[in-house]
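Spelled out, the chains give:
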Amino acid sequence: FLLFLCARAMDKKILDGYIVPAPSAIHLKLVHAEEDVFSPENTFAPEFTNQIIGESEKILGYKNPRIELYYTAGSLTTYLGLTYDAKISSSVAEPDNPIKSISEWIPEGWLRSKDDLARHLDREKDFRPTGDLMTAFTLPQQHTPADRHFEIYLNNHDTPGFAEYMARLQTFTVWFIDGANFLDLEDERWKVFVLFERVKEGGVELWRVAGFCSVCQYWAYPDCLRPRVSQVLVLPPYQRTGLGPRLLSAAYSHYVPMPEVRDISVEDPSPGFVRMRDFVDLRNCIADPVISAHRGPCDSAFAELVRSKLKLCKQQIRRMHEMLWLSRISRVDHDEFREFRLSVKRRLYQPFAKSKDAEKRDMAKLAPAEAVVWRAQQEKFHGQLQEEFEALETEYRAVIDKVKLHA
């Protein structure tokens, strides 16, 4: 028995050197030039690996594994490879096959040789974005003399060449959107706004993909559309440059003028997306003189005003009303802030109102000891309500301050 325990301990010690977290082993890269192909620099790690690698998000069987998933920056020609210092003996444990796991999520035709990837770079000069050019804009640069130029293209399910391109582009979603699903590229309801940086190198114009926004068009009774934003992804090399709001604004500029669009909703937004959407929507509300001048309650007239002008959904209109209200309150105006706080708390309390009223009616039936417990529960509930309000106020002020900063 002692020998058995010693053997198990020895096996565990051996395995410890051959088990690594998947995010630290996987290296993604957008390749611009030949030196990018062979350099280990300028890669970025995935945020999520559970869908591809498994719930443990660990890779077994290799010492210092390096999994490289490289894409040419425009056409997204793909290379996948694995290197390591040592591989565990199958007599100790069966090593994982991360190449097989990843290859099941990327389109066929990926390259197994870096030399082949380098040769494909010559074809990047022939790459052109699919779809219709929607908008172009420039981002000024603080530390370099040259500004950066971007373009957004609108694609439908039947845009020539788009299905093949999107099959490669959407492979990024499983690494950076938790629980992401691939789009059904044969479904005519999908519209995809793809963002590119347009650069000129050696007199040649090149397009490098920076992100995308996908929207599914749902029907709304009786004869309206209700577009739902599904995914907004800015690739890591382009993040924190203000491109996310640009993508969402492109979708808005397409749908808001359409009379058949009832409102625009969002599918399962992440906290980061909620902040970005709030920023764009509040900025648009403030920019509209009629909406920003409103001083009354969030009644049906105000809701219809905002819906008709900005196509926001009901829940988002309520958030914008509260943000606009808070943005106008002076920090020394305690009466106005108290009215705001009570209004927000009434909204937060509303989902629980019926059950709380029923509890009060049953209060008379409680024994004295049970009544004490009930009152303690009420005090705890009101404390939680105050915490929820304070958290919401913090969220709102962060968005308000950001809008003011970028005004």
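Higher on the page you've got the structure.
The text that follows walks through the structure, step by step, so that each part is easy to find. What you see is a predicted model, and the numbers here were worked out from it, not measured in a lab.

Below, the discussion takes up the pattern of salt bridges. The full count for this structure, using the stated rule, is 17 salt bridges. Across the pair Glu68 and Arg66 runs a salt bridge whose closest N-O atoms are separated by 2.6 Å. Residue Glu68 is classed as buried on the basis of its relative accessible area, which comes to 6%. Arg226 is the partner of Asp263 in a salt bridge, and the nearest nitrogen-oxygen pair spans 2.7 Å. Of this pair, Asp263 sits in the loop between helix H9 (243–255) and strand S13 (265–266) while Arg226 sits in strand S12 (residues 224–234), placing them 37 residues apart in sequence. For Asp263, a relative accessible area of 8% puts it in the buried group. Owing to a relative accessible area of 32%, Arg226 belongs among the partly exposed residues under this scheme. When salt bridges that share partners are traced, they join Arg66, Glu68 and Lys114 into one network.

Moving on: the side chain of Glu393. Tracing the sequence through the fold places Glu393 in helix H16 (residues 368–405). By relative accessible area, Glu393 is classed as buried at 17%. When residues no more than four places from it in sequence are discounted, the contact partners of Glu393 are Leu326 and Phe337.

A word on the sheet that holds strand S11 (residues 204–220). What holds strands together in a sheet is hydrogen bonding between their backbones, with the strands either parallel or antiparallel. With respect to topology, six strands assemble into an open sheet ordered S8-S9-S10-S11-S12-S13, the strand pairing being mixed. Strand pairing shows two members of the sheet lacking a second neighbour, strand S8 (132–139) and S13, which therefore form its edges. Note that S11 and S12 share ten bridges and pair antiparallel. Bridging from a neighbouring strand, Ser214 pairs with Gln231 of S12.

In this section: the nonpolar core. Core analysis: the biggest nonpolar cluster contains 96 residues, and Leu30, Leu169, Phe172, Trp175, Phe193 and Val229 have the highest contact counts within it. With near-sequence residues (within four places) excluded, Trp175 lies in contact with Ile26, Leu28, Pro46, Glu47, Phe48, Thr49, Ile52, Leu69 and Ile102. By size, the runner-up hydrophobic cluster in this structure holds eight residues, among which are Val31, Val37, Leu111 and Leu117.

Turning to helix H12 (residues 300–310), a few remarks are in order. Taken as a whole, H12 has its buried residues at Phe302, Val306, Arg307 and Leu310. Within H12, the buried residues cover an arc of 130 degrees as seen down the axis, which keeps them to one side. Exposed residues pointing more than 90 degrees away from the buried face of H12 are listed as Ser300 and Ala301. The secondary structure elements touched by the buried residues of H12 are helix H10 (271–287), helix H11 (289–292) and helix H13 (314–328). Lys311, located one to two residues past H12, shows a positive phi value of around 60 degrees.

Criteria and cut-off values
Residues numbered from 1 in each chain as written. Predicted model: local features only at pLDDT ≥ 70, side-chain atom pairs only at ≥ 80, totals over all residues. Heavy atoms only, no water. Salt bridge = Lys/Arg side-chain N within 4 Å of Asp/Glu carboxyl O. Buried < 20%, exposed > 50% of the residue type's maximum accessible area, 1.4 Å probe, protein only. Helix = DSSP H or I, 4+ residues; strand = E, 2+ residues; numbered from the N terminus. Contact = heavy atoms within 4.5 Å. Pairing = 2+ DSSP bridges. Core = buried A, V, L, I, M, F, W, Y, C linked by side-chain atoms within 4.5 Å. Arc of directions from axis to C-beta.

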